[in-house]
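Next come the chains, spelled out residue by residue.
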Amino acid sequence: MTDAEHVVGEFVVCNAAGLHARAAARLAATATAYESHIEVEKDGRRVDAKSIMGLLLLCGQRGTVLRIHAEGHDATAALTAVGQLIESRFGEEV
Amino acid sequence: MRQRPRRQWHGVAVCAGVGIGPLRWVAPQAIVPAPRPIAAGAVRAEVARLRRAITDSRATLQQARAHLPKTQHEPRLLLDAHLLMHDDVLWVQRAVELIEKEQVNAEWALRCSMDIIQRALRAAEHPAVGDRARDVEQVGQQILRVLQGNGMPRWHIDAPCVLWADDLSPAQAVDLLRRPLHALVTMQGGSNGHTAVLARALGVPAVVGVRAGIPELSEGDPVIVDGFAGTVTLRPTAEECATAAARSQRYQSFQARLRQPTMGQGELPIHANIEVPEEIAVAQRSDAAGIGLFRTEFLFLDRRHLPSEQEQYRHYAEVVRAMAPRPVVFRTFDLGGDKLPGPRPTTRSRNPALGLRALRLSLRSPELLQPQLRAILRSSHLGPVQLLLPLVSTVDELVEARGWIARCRTALIAEGHALG
């Protein structure tokens, strides 16, 4: 595909509870809304952003830097959405 | 038989109130599968059996989700997480491979797959990770139960009791919503964990993280659960019972009084103040007549980027929709003073409480005010919405603010938005 994009962005987990089940569910659901292939990387380890179990296995805590890779025709939009979700503390209060 | 002694434990109080009743202990019903070799010809059927169990288990959870009131946001999200885990290839695929390669039964394959994930989670050695390993255990156990021909474990609770469980899964919590409970105690859990989220959703006095020895928990003995102090007293003294009963009464009548009409001028509507949308559940549970004050600045604080109009709209719409037809009063952001959003540089003044803050700051920062006004106005098609401007000190400020509101309104209508 000619219009396929590959974008990368880094975001810091800033909610108190980290990347726990509810947060991971929100992230996976957000990623699934896009057709692009999205991966989340932490310390060199990459998992599919659409897999809740993979996200849980990253053991993300507050302060963890997540590198998001998105590839596909809606990659930029996907990256923005995922980034916003992480930075809005997954909608959590603290 | 000798009378057993009084015992008291301390845990984490997660839901206010005092509950007294007979103890009902539900032992954890973990399934510990054994490996069983299967014939090469039976491999396909075994894989199909695992997949069917996952589908059935998923359907049970989905049903539980349908019973959950819309306002129960956090428990709903937990259920969503458990539903997603059912479909996750990461462990399902591994279990399937184990059945195929090792020619073992589905239960054993699933257990091995759960263990691999849990080991990896526990290797992180962070307290919060324990919660994640427990989620994996809860989902896995539910599928294991289906594999063994048992569905969701129902705790048979016919008479009101103090329920004491090891842990609480989202599916079990939904089931408990409809059962008579005086109070809830769990062995697992901390103040912010999943158990606490679910215990709070039940709305009964609850204490979590109470590590008691199981042999001490004799069924039917009286228990007092103090959801303020976080104490659980088994076989209390007569005096303790009397005090607890009085406190329980007082708290209940206090809650009931909140809903009662006043003498004389008929009903006095009581509204709830909120800071984040998640608080609507509590407001609804206490029959709030509306949201008297939504302090919106909390959406702006403690973050790197300011919330976009769309993000604000999402939060506001959620609140308005949940409260409709009851009104929601939005107070535009009261920032400045002691509350400053992350990225905005502002000068420090001697007395920040009187300085550039609230409406004064808003009017000087239309790039902040405009998206918020637009988001609030847009949410008005979902229910009654009112605006409160913080700290108006001159008529000019009011006139200027109204100008902004009118301009946003006109622009939104021109863009084709439906406004209330």
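Preceding this paragraph is the structure being described.
Conventions adopted
Residues numbered from 1 in each chain as written. Chains lettered and ligands numbered in written order. Predicted model: local features only at pLDDT ≥ 70, side-chain atom pairs only at ≥ 80, totals over all residues. Heavy atoms only, no water. Helix = DSSP H or I, 4+ residues; strand = E, 2+ residues; numbered from the N terminus. Buried < 20%, exposed > 50% of the residue type's maximum accessible area, 1.4 Å probe, protein only. Contact = heavy atoms within 4.5 Å. Areas by Shrake-Rupley, 256 points an atom, 1.4 Å probe, with all protein chains shown as cover. 1 Å grid on protein atoms, 1.4 Å probe; cavity = no way out; pocket = protein on both sides within 12 Å on 5 of 7 lines; lining within 4 Å. Points joined across faces, edges and corners; volume = space filled by probe spheres on them. Nonpolar A, V, L, I, M, F, W, Y, C, P; charged D, E, K, R; others polar.

**Student:** Whenever I open this one, the overall build of chain A confuses me. Can you help?
**Tutor:** From N to C terminus, chain A includes 3 helices and 4 strands. Taken from N to C terminus, the helices and strands of chain A fall in the order β-α-β-β-α-β-α. The 94 residues of chain A split such that 60% are buried. The long-range fraction of contacts in chain A, counting pairs at least 24 apart against all pairs at least 6 apart in sequence, stands at 75%. Looking at chain A as shown, the accessible area adds up to about 3800 Å², and 50% of this sits on carbon and sulfur atoms.

**Student:** For this particular structure, what's the right way to read the layout of surface pockets?
**Tutor:** Rolled over the atoms, a probe as big as a water molecule pinpoints where empty space is left. If you add up the space inside the second largest pocket, you get close to 890 Å³. Lining the second largest pocket are 33 residues; nearest its centre among them are R26 of chain A together with H73, R314, H315 and E318 of chain B. Looking at the lining of the second largest pocket, the elements that each hand over two or more residues are α1 (21-32) and α3 (75-87) of chain A together with α2 (73-86), α9 (280-285) and α10 (309-323) of chain B. Tallied by class, residues from the lining of the second largest pocket come to 11 nonpolar, 8 polar and 14 charged.

**Student:** Would you mind going over empty space enclosed by the protein with me for this structure?
**Tutor:** Residues and elements named next belong to chain B. This model, assessed by the stated rule, comprises 3 cavities of 30 Å³ or more. Here the largest cavity defines a volume of roughly 50 Å³. If you go around the largest cavity, the residues you meet are L68, Q72, P75, P170, A173, V174, L177, L198, A201 and L202. If you list the elements that add at least two residues to the lining of the largest cavity, you get α6 (170-176) and α7 (194-202). Of the residues that constitute the lining of the largest cavity, the class distribution is 9 nonpolar, 1 polar and no charged.

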